[in-house]
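Structural overview
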Amino acid sequence: MSAGKRALRIRVLITAADIRTAASIRAILEKENLSCDAVGPGKDGLQMALAYDYDIIILDLTLADIQAYRMLHRLRAAPVRTPLLILSARDELDRNIKSRGLGADEFLAKPFGSRELSARVRAIMRRSKAHRSTVRTGKLMVNLATGGVSVNGQPVRLTLKEYCILELLSLRKGTVLKKAVFLD
């Protein structure tokens, strides 16, 4: 199978202290055919976000072992530019403004309906898709939307595994990747 024919799936990282909340969000998004990783308290979420390439990160402000604002700040200080949706149990203007000031793309107060969550995730993805559709490294261009690769404008045929490795390297260029990232 060539990389250009692969089915693209949106990958979501859900970081929530409450296992039930994470499971509920995961169930909603998986019904929308989104691929979700749900992790517990902040340090795990931070490590996952730094190590893997996600299309969107959902961050619950009620994280237990690291302040969510600190995690958000650390993500934005690192090379992670993944769109981020903040969930909060309180719909406070100050929390919304602070979250956006630290780099969040969207803010959603609990409780929320499954349709609203899905719509917000899709809207964030539409807005962010334009700047993430291609990655250039010298003469190499990786088209994330189609899964195509070209060098000097000439298409390059790759296996799915080759494309996945090249995509990972292209998205994380300038950073050191651990062996475990490749094996996953």
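All figures in this text were calculated on a predicted structure; none of them were measured in a lab.

**Remarks on the overall build of the protein**
Counting its secondary structure elements, the protein contains seven helices and nine strands. Counted over contacts in the protein with a minimum sequence separation of 6, partners at least 24 positions apart contribute 59%. Looking at the protein as shown, the accessible area adds up to about 10400 Å², and 54% of this sits on carbon and sulfur atoms.

**Considering the side chain of threonine 82**
Note on placement: threonine 82 falls in the loop between helix H3 (68-77) and strand S4 (84-88). Threonine 82 sits in the buried class, given a relative accessible area of 5%. In this view, threonine 82 contacts Tyr54, Asp55, Ile56, Ile57, Arg76 and Asp105; residues no more than four positions away in its chain are not counted.

**Observations regarding helix H2 (residues 42-51)**
If you check which residues of H2 are buried, you get Gly42, Gly45, Leu46 and Ala49. For H2, the angular spread of the buried residues around the axis is 100°, confining them to a single face. Looking at the buried positions of H2, the neighbouring elements they touch are strand S1 (11-15), strand S2 (35-39), strand S3 (56-60) and H3.

**Thoughts on the pairing of strand S8 (residues 148-151)**
Of the strand pairs in this sheet, strand S7 (residues 140-143) and S8 are connected by four bridges, and their pairing is antiparallel. Counterpart to asparagine 143 in the pairing with S8 is glycine 148. In this sheet, strand S9 (residues 154-155) lies alongside S8 in antiparallel orientation, the contact comprising two bridges. If you follow valine 151 over to S9, its bridge partner there is glutamine 154. The loop that links S8 with its antiparallel partner S9 comprises two residues; one of these, asparagine 152, has a positive phi angle of about 55°.

**Observations regarding the pattern of salt bridges**
The full count for this structure, using the stated rule, is nine salt bridges. Glutamate 30 serves as the salt-bridge partner of arginine 26, at 3.0 Å between the closest nitrogen and oxygen. Taken together, the residues span about one helical turn, with arginine 26 and glutamate 30 both in helix H1 (residues 19-31) at a distance of four residues. Owing to a relative accessible area of 31%, arginine 26 belongs among the partly exposed residues under this scheme. Glutamate 30 gets classed as partly exposed once you look at its relative accessible area, which sits at 39%.

Scoring rules and cut-offs
- Residues numbered from 1 in each chain as written.
- Predicted model: local features only at pLDDT ≥ 70, side-chain atom pairs only at ≥ 80, totals over all residues.
- Heavy atoms only, no water.
- Helix = DSSP H or I, 4+ residues; strand = E, 2+ residues; numbered from the N terminus.
- Contact = heavy atoms within 4.5 Å.
- Areas by Shrake-Rupley, 256 points an atom, 1.4 Å probe, with all protein chains shown as cover.
- Buried < 20%, exposed > 50% of the residue type's maximum accessible area, 1.4 Å probe, protein only.
- Arc of directions from axis to C-beta.
- Pairing = 2+ DSSP bridges.
- Salt bridge = Lys/Arg side-chain N within 4 Å of Asp/Glu carboxyl O.

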